[in-house]
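Breakdown of the fold
Take a look at the letters that make up each chain.
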Amino acid sequence: GATHIDVDASARLTASQGLGQGIITNEGRLNIDSAKGTLLNSLKGGGDALLTNGADITLVGDSSGYSGSFTIDAGTILTATEVSQLGSAVINNVGTFVADATGLWTLDNTISGSGTFVKRGSGTVQVDGDNLSVSLTNIENGLLLIGGAPAGSILNRAASANLLGDVIIRKD
């Protein structure tokens, strides 16, 4: 079934599938506390999804209707495998946010904080604005594209980027 978290209410989730597979309408706070695994649910609403106490969650539900925020505490990991899993949520990152892309993503979400952004997977993540501000960017595989690219992957406009902080590029 579906779960609804009201404004000023909080739900604590200690197992990734503790709320089943239904839609979670989050208008308050969903505290994902020490849970590890796959969150099958789709998120909707404008509340905060907070990862705490070593939580390591991979999103798989279509959360395109989620406009709230993901808050990733130190020592926690949030992984998305499709851009639709993030909706239009803001990502407050003090831990690790992983974009595990196999296709082309345009990352419009604002991601900020002192945490790490990891680009994983064979695909491309395109950042076309000033919406990514983290302490460490780690490119493990695929491509992190700063600026725009039209269909056919041929660049037709100049893009500029300020890479502040540490950037690590690895080849597997």
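Residues numbered from 1 in each chain as written. Predicted model: local features only at pLDDT ≥ 70, side-chain atom pairs only at ≥ 80, totals over all residues. Heavy atoms only, no water.

Across its full length, the protein chain holds 0 helices and 20 strands. Split into buried and exposed, the 172 residues of the protein chain put 42% on the buried side. Here the contacts in the protein chain between residues at least 6 apart in sequence split such that 12% fall between residues at least 24 apart. (Helix = DSSP H or I, 4+ residues; strand = E, 2+ residues; numbered from the N terminus. Buried < 20%, exposed > 50% of the residue type's maximum accessible area, 1.4 Å probe, protein only. Contact = heavy atoms within 4.5 Å.)

Moving on, we come to the environment of Ile-23. Checked against the element boundaries, Ile-23 lands in the loop between strand S2 (10–13) and strand S3 (24–26). Residue Ile-23 is classed as partly exposed on the basis of its relative accessible area of 38%. When the C-alpha positions of Ile-23 and Ala-2 are compared, they lie 4.9 Å apart, and in sequence the two are 21 residues distant.

Another point: the sheet that holds strand S1 (residues 3–5). Sheet architecture is open: 3 strands sit in the order S1-S3-S6, paired in parallel fashion. Both edges of this open sheet fall to S1 and strand S6 (43–44), since each of them pairs with a single strand only. By the bridge criterion, 2 bridges tie S3 to S6 in an arrangement that is parallel. Each bridged residue has a counterpart across the sheet, and for Thr-25 the counterpart in S6 is Lys-44. (Pairing = 2+ DSSP bridges.)

Moving on: the confidence of the model for the protein chain. Per-residue confidence for the protein chain averages 88 on the pLDDT scale, and 85% of its residues sit at or above 70. Within the model, the stretch residues 150–162 combines pLDDT values under 50 with 12 contacts to residues more than four positions away or in other chains. (pLDDT = per-residue confidence, 0-100.)

Quick look at the sheet that holds strand S19 (residues 143–146) now. Reading across the sheet, the 3 strands line up as S13-S16-S19 and stay open at both edges, with parallel pairing between neighbours. Strands with a single pairing partner mark the edges of an open sheet, and in this sheet they are strand S13 (104–106) and S19. For this sheet the average axis-to-axis angle between neighbouring strands, irrespective of direction, equals 20 degrees. Note: S13 against strand S16 (residues 124–127), 3 bridges, orientation parallel. Its bridge partner being in S16, Leu-104 is matched across the sheet by Thr-124. (Axes fitted to C-alpha atoms, helices over the stretch in contact; angles between N-to-C directions.)

Here the focus is the nonpolar core. Counting 33 residues, the largest nonpolar core has Ile-32, Phe-70, Leu-86, Phe-97 and Val-125 as the members making the most contacts within it. Those elements that provide at least two residues to this core are strand S4 (29–33), strand S7 (48–52), strand S8 (56–59), strand S9 (69–72), strand S10 (77–80), strand S12 (96–100) and S16. Aside from chain neighbours lying at most four places away, what touches Val-125 is Ala-99, Ala-101, Trp-105, Leu-107, Phe-117, Lys-119, Leu-143, Leu-144 and Leu-145. (Core = buried A, V, L, I, M, F, W, Y, C linked by side-chain atoms within 4.5 Å.)

What follows concerns the pattern of salt bridges. All told, the structure shown has 3 salt bridges when counted by the stated rule. Between Arg-12 and Asp-33 there is a salt bridge; the shortest N-O distance is 2.7 Å. Of the two residues, Arg-12 is situated in strand S2 and Asp-33 in strand S4; the sequence distance between them amounts to 21 residues. A relative accessible area of 60% places Arg-12 in the exposed class. With a closest N to O distance of 3.2 Å, Arg-29 and Asp-48 form a salt bridge. One end of the pair, Arg-29, is in strand S4; the other, Asp-48, is in strand S7, with 19 residues separating them in the sequence. (Salt bridge = Lys/Arg side-chain N within 4 Å of Asp/Glu carboxyl O.)

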